[in-house]
Amino acid sequence: MSALTAAVIGLRMGGGHANIYNNLSEYKLAGLCDIDEAVAQEASAKYGGVPYYADYKKMLDEIKPDVVCVATPNTLHCEMTLEAAARDSTKGIYCEKPIAVNMREARAMRDACEAKNIPLCIGHQRRMSAPYITMRDAIVNGLIGEVYLIRGICAGDFLSDGTHTVDSLMYLNGDHPAEWVLGQIYRGPFASEEEQKENRYAYNGKRFGHNTERGAISNIMFSNGVRAETVTGDQMLMKGRWYQDIEVFGSKGRLWRNNDQSEPPVMINTTGEWVNLPFSVEDEKNYGLKAAHGLFAKTVCSGAKHPMDMETAMKGFDIVMGVYESARLNARVGFPLAQEEFPLDLMLKERGEF
């Protein structure tokens, strides 16, 4: 397999992707783009003078990359994916999570790529990381018995960060589709101007170009009878738990990954005491983002199924949008979700706050 030329749009989030492309033999890093030209120029110098741009359309037209990585703010994912899909040179698109900011955009991205047989992968790389593979293997092998509940706790807004939590819950539950969701969000108050100056994470009602909430909770019923719970933003305040804290409850015990940097990475409790659960993979350094891009090269070249493909990602995005729609309607909602727009925008319009 000859190396695929790859271009990255958005270098703050996309820096890690550029590094992967530069170091995997399956790819040749061919183009870098960021609206902050200084950032693009710095990245170009880091990678030996790779061509850099401030205009992503110009880069797509001139570089004609085989693979396009979209790693920009959430509101730009749809536009840029559609532009990439419109180029005859594009063979694959890797888009950061979340897919978009509403179901209409997500479906447009899916349909455009399917029409041209372009694989579209969404950046939920945790499902390809050693800790989560180890947790899934433990479930499949019956180490904690029959799973009945999975709980995810996460800082940040539900669309930007909770999408990772939802994908992890889905993966650990074998990607069974959701039947319904019941959700609620908490919107305000906003942080003061002084707090916002001092802390870039201070809540101001918006993030990555779209409206956000201060906290959210949800209850999800999957088709195999397993329940899931999510707690995000301000609502996740639990001592010692912060980002992507995942716990799985089974009839014979529990699994727990405390957060992305937890040590030990995965714990198991079948006796009343938490102990380390060794990885079930050979070399954890070859998993996660590296594995995601490595397999995507095979997907592009041979059609190999990717665990982060659009079909799987859409199941999770349905749930994410469903939580917002449930909060808007103050009702339990089923799937597939009928609402095409971002329910939080609709909620704010109905309140006269948009």
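Our subject is the structure listed above.
Residues numbered from 1 in each chain as written. Predicted model: local features only at pLDDT ≥ 70, side-chain atom pairs only at ≥ 80, totals over all residues. Heavy atoms only, no water.

Caption draft 1: Inspection of helix α6 (residues 130–140) at higher detail. Here α6 lies mainly inside the structure; eight of its 11 residues are buried. Three or more residues of α6 are buried, namely Ala 130, Pro 131, Tyr 132, Ile 133, Thr 134, Met 135, Ala 138 and Ile 139. Packing partners of the buried residues in α6 comprise β7 (147–154), α7 (162–172), β13 (245–250) and β14 (253–257). At the C-terminal side of α6, Gly 142 shows a positive phi close to 75 degrees. (Buried < 20%, exposed > 50% of the residue type's maximum accessible area, 1.4 Å probe, protein only. Helix = DSSP H or I, 4+ residues; strand = E, 2+ residues; numbered from the N terminus. Contact = heavy atoms within 4.5 Å.)

Caption draft 2: Geometry of the side chain of Asn 269. Among the structural elements, Asn 269 can be located in strand β15 (residues 267–269). With relative accessibility at 10%, the residue Asn 269 sits in the buried group. In this structure the side chain of Asn 269 is engaged in a polar contact, spanning 3.4 Å, whose partner is the backbone nitrogen of Thr 271. Setting aside chain neighbours within four positions, we find Asn 269 in contact with Lys 252, Gly 253, Arg 254 and Trp 274. (Polar contact = N/O pair within 3.5 Å; in protein donor to acceptor, adjacent residues only side chain to side chain.)

Caption draft 3: View of the pairing of β14. β14 sits mainly inside the fold: four of its five residues count as buried. Here β13 pairs with β14 via five bridges, running antiparallel. Its bridge partner lying in β14, Phe 249 is registered against Arg 254. Between β13 and β14, which pair antiparallel one after the other, the connecting turn spans two residues. Two elements, β14 and β15, share three bridges in a ladder whose sense is antiparallel. Paired with Trp 256 across the strands is Met 267, a residue of β15. (Pairing = 2+ DSSP bridges.)

Caption draft 4: Geometry of the sheet that holds strand β1 (residues 4–9). The strand order across the open sheet formed by six strands is β3-β2-β1-β4-β5-β6, and the pairing between neighbours is parallel. The open sheet has two edge strands with one neighbour each: β3 (52–53) and β6 (120–122).

Caption draft 5: Quick look at the environment of Ile 93. Tracing the backbone through its elements, the reader meets Ile 93 in strand β5 (residues 92–95). Each residue touching Ile 93, except ones within four places of it in the same chain, is listed here: Val 68, Val 70, Thr 81, Ala 84, Ala 85, Cys 113, Ile 118, Pro 119, Leu 120, Cys 121 and Phe 296.

Caption draft 6: Spotlight on the sheet that holds β13. Taken in spatial order, the nine strands line up as β16-β15-β14-β13-β7-β12-β11-β8-β17 in an open sheet, and their pairing is mixed. Two strands lie at the open edges of the sheet, namely β16 (275–276) and β17 (333–334), each paired on one side alone. The sheet strands contacting α6 are β7, β13 and β14, and the helix crosses β14 at an angle near 170 degrees. Those strands touched by α7 are β7, β11 (215–222), β12 (227–233) and β13, and its axis lies near 160 degrees from that of β7. (Axes fitted to C-alpha atoms, helices over the stretch in contact; angles between N-to-C directions.)

Caption draft 7: Layout of the pairing of strand β4 (residues 67–70). Burial along β4 is two-sided: the face carrying Val 67 and Cys 69 and the face carrying Val 68 and Val 70 are both buried. Summarising the sheet, β1 and β4 pair through four bridges and their orientation is parallel. For Val 8, the partnering residue across the bridge sits in β4 and is Cys 69. Pairing of β4 with β5, which is carried by four bridges, proceeds in the parallel orientation. Counterpart to Val 68 in the pairing with β5 is Ile 93. Crossover handedness for the path β4 to helix α4 (residues 77–86) to β5: right-handed. (Right-handed = clockwise from strand over helix to strand, strands pointing away.)

Caption draft 8: Spotlight on a negative patch on the surface. Residues Glu 193, Glu 194, Glu 195 and Glu 198 make up a contiguous surface patch of negative charge. By secondary structure assignment, the location of Glu 195 is in helix α8 (residues 193–198). (Patch = residues over 30% accessible without salt bridge, like charges linked within 9 Å, V, L, I, M, F, W, Y side chains within 5 Å. Areas by Shrake-Rupley, 256 points an atom, 1.4 Å probe, with all protein chains shown as cover. Salt bridge = Lys/Arg side-chain N within 4 Å of Asp/Glu carboxyl O. Lys, Arg positive; Asp, Glu negative; His and termini not counted. Charge placed at Lys NZ, Arg CZ, Asp CG, Glu CD.)

Caption draft 9: Summary view of the pattern of salt bridges. Enumeration according to the criterion identifies 23 salt bridges in this entry. Here Glu 83 and Arg 87 are joined by a salt bridge, their closest N and O atoms 2.5 Å apart. A residue is classified by how much of its surface remains accessible, and Glu 83, at 22% relative accessible area, is partly exposed. Here the salt bridges do not stand alone but share partners, grouping Lys 57, Asp 61, Glu 83 and Arg 87 into one network.

Caption draft 10: Geometry of the nonpolar core. Counting residues in hydrophobic clusters, the biggest one holds 73 residues, and the most contacted among them are Ile 99, Leu 172, Val 248, Leu 255, Met 321 and Tyr 324. Among the elements that make up this core, the one with the highest residue count is helix α10 (residues 310–329) (10 residues). Ile 99 has contacts with His 77, Ala 106, Met 109, Ile 122, Met 310, Ala 313, Met 314 and Phe 317, leaving out every residue within four places of it along the chain. Residues Ala 6, Val 8, Ala 291 and Val 300 belong to the second largest nonpolar core, which totals 28 residues. (Core = buried A, V, L, I, M, F, W, Y, C linked by side-chain atoms within 4.5 Å.)

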